[in-house]
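Spelled out from the first residue to the last, the chains are:
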Amino acid sequence: MTTIGFKLGGLLFKQLVKPVAKSVKDQAATRPWLKKLCIQVGDWSNRISLRLTLRLMGHTPTMIKPLAPEKALEYGANFLGEAMVFTSGALVVSVEYTRKYFADKAKSEKKKQQEAAQKEALERRFLNLEGKVEVLLQRQREVDQTLENTRSSIRLYIDTREEALTENKANTTSWWGWNT
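A few points on the structure. Since the structure is predicted, the reported quantities are computational estimates derived from the model, not experimental observations.

### As for the overall build of the protein
And step 1. The number of helices and strands found in the protein is three helices and zero strands.
And step 2. Taken from the N to the C terminus, the helices and strands of the protein come in the order α-α-α.
And step 3. A compact globule built from 180 residues should have a C-alpha radius of gyration of about 16 Å, whereas the protein, at 50 Å, is more than 25% larger.
And step 4. With the principal axes as the frame, the protein shows a C-alpha extent of 155 × 45 × 25 Å.
And step 5. Out of the 180 residues in the protein, the part that is buried amounts to 12%.
And step 6. In the structure as shown, the protein presents an accessible area of about 15,300 Å², 62% of it carried by carbon and sulfur atoms.
And step 7. Computed over 30 positive and 20 negative side-chain charges, the inter-centroid distance for the protein is 20 Å.

### Looking at the pattern of salt bridges
And step 1. Enumeration over the complete set of coordinates arrives at seven salt bridges.
And step 2. Residue lysine 22 is joined to aspartate 26 by a salt bridge in which the shortest nitrogen-to-oxygen separation is 3.5 Å. Here aspartate 26 and lysine 22 lie together in helix α1 (residues 2-27), a separation of four residues that amounts to about one turn.
And step 3. Ionic pairing is found between arginine 124 and glutamate 120, a salt bridge with its closest N-O pair at 3.0 Å. A residue pair is termed a helical-turn pair when its members lie 3 or 4 positions apart in one helix, as arginine 124 and glutamate 120 do in helix α3 (residues 69-171) at four residues.
And step 4. Among the residues examined, glutamate 120 registers a relative accessible area of 49% and is labelled partly exposed.

### Describing helix α2 (residues 32-56)
And step 1. Between its first and last C-alpha atoms α2 spans 36 Å; for 25 residues at 1.5 Å apiece the expected length is 36 Å, and the two agree.
And step 2. Within the span of α2, buried status applies to Leu34, Cys38, Val41, Gly42, Asp43, Ser45 and Asn46.
And step 3. Where α2 ends, the next residue or the one after it, glycine 58, has phi of about 95°, a positive value.

### Topic: a nonpolar patch on the surface
And step 1. Nonpolar side chains collect at one region of the surface, where Trp44, Ile48, Leu52 and Phe79 lie side by side and expose about 390 Å² of accessible area between them.
And step 2. Ranked by the residues each element gives to the nonpolar patch, the list is headed by α2, at three residues.
And step 3. As for its position among the elements, phenylalanine 79 is in helix α3.

### Remarks on the nonpolar core
And step 1. Membership of the largest hydrophobic core is limited to eight residues, which are Val24, Ala28, Leu34, Cys38, Val41, Leu73, Ala77 and Leu80.
And step 2. Broken down by secondary-structure element, the contributors of at least two residues to this core are α2 and α3.
And step 3. Sequence-distant contacts of leucine 73, defined by excluding residues within four places in its chain, comprise Ala28, Ala29, Lys35, Cys38 and Ile39.

### What to know about the side chain of arginine 99
And step 1. Position of arginine 99 relative to the elements: it lies in helix α3.
And step 2. For arginine 99, a relative accessible area of 18% corresponds to the buried category.
And step 3. A distance of 2.8 Å separates the side chain of arginine 99 from the side chain of glutamate 96, its partner in a polar contact.
And step 4. Excluding its chain neighbours within four sequence positions, the residues that come into contact with arginine 99 are Thr3 and Phe6.

### Considering a negative patch on the surface
And step 1. Together, Asp159, Glu162, Glu163 and Glu167 line one region of the surface with negative charge.
And step 2. Within the secondary structure, glutamate 162 is located in helix α3.
And step 3. Assessed through its relative accessible area of 49%, glutamate 162 is described here as partly exposed.

What counts and what doesn't
- Sequence order as written defines residue numbering, which begins from 1 separately in each chain.
- Totals for whole chains, interfaces and linings use all residues, but because this is a predicted model, local features are given only for residues with pLDDT of at least 70 and pairs of side-chain atoms are given and counted only at 80 or more.
- Neither water nor hydrogens contribute to the side-chain values; these are computed over all heavy atoms in the structure.
- Here a strand is any run of E in DSSP of at least two residues, a helix any run of H or I of at least four, and the numbering for each starts at the N terminus.
- It is over C-alpha atoms that the radius of gyration is taken, and the globule rule equals 2.2 Å times the number of residues to the power 0.38.
- Relative accessibility under 20% of the residue-type maximum defines a buried residue, over 50% an exposed one, and the middle range a partly exposed one, all with a 1.4 Å probe and only protein chains included.
- Only the protein chains shown count as covering a residue, and every accessible area follows the Shrake-Rupley method with a 1.4 Å probe.
- Counting rule applied: Lys, Arg positive; Asp, Glu negative; His and chain ends not counted.
- Charge positions are represented by NZ for Lys, CZ for Arg, CG for Asp and CD for Glu.
- The salt bridge definition used is simple: a Lys or Arg side-chain nitrogen within 4 Å of an Asp or Glu carboxyl oxygen.
- By definition here, a helix of n residues has an expected span of 1.5 Å times n minus one.
- Note that patches include only residues with greater than 30% relative accessible area and no salt bridge, and the join distances are 9 Å for like charges and 5 Å for nonpolar side chains (Val, Leu, Ile, Met, Phe, Trp, Tyr).
- Residues belong to a common nonpolar core when they are buried Ala, Val, Leu, Ile, Met, Phe, Trp, Tyr or Cys residues joined through side-chain atoms within 4.5 Å.
- Any pair of residues with heavy atoms lying within 4.5 Å of one another is described as a contacting pair.
- Here a polar contact is taken to be a pair of N or O atoms separated by no more than 3.5 Å, where protein atoms must pair a possible hydrogen donor with a possible acceptor and residues adjacent in sequence count only if both atoms sit in side chains.

This is the structure we're talking about:
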């Protein structure tokens, strides 16, 4: 909503500057300070444009005559009016760019914070899983030790039983009474 508001406000500002620029053009003939300014700006504008034109055509300007005061007043008033309209447009674009820059910067900062939070959550999860893996490895070592102890006990039992059987066999007689 604020983006639309800023854009509409910028359009309104540009539209309000146009009547002000027209008013400056109209009042240029009646106000002495504005008349003097417009004549100076008109002469300056004429000199610059003629110099550029002549140089582009390959000539070197030597002396440029000043314009008639009425013509200079008209050129100067037009130049000032157009400068006001252009400046207002540039100002609106500049404000919009600055607002967009800070909005993007805030959005980027928010995204960085979210990424940092996700990374931190992932790191906590990894540490938790690492702890669980360590517990499982410890349990596996205990089970392996118990299994090895059980194997040793079974081997010992089997060895003892085999010895007992061999002794038993040596001491027993066969069915017919013979020693085997």
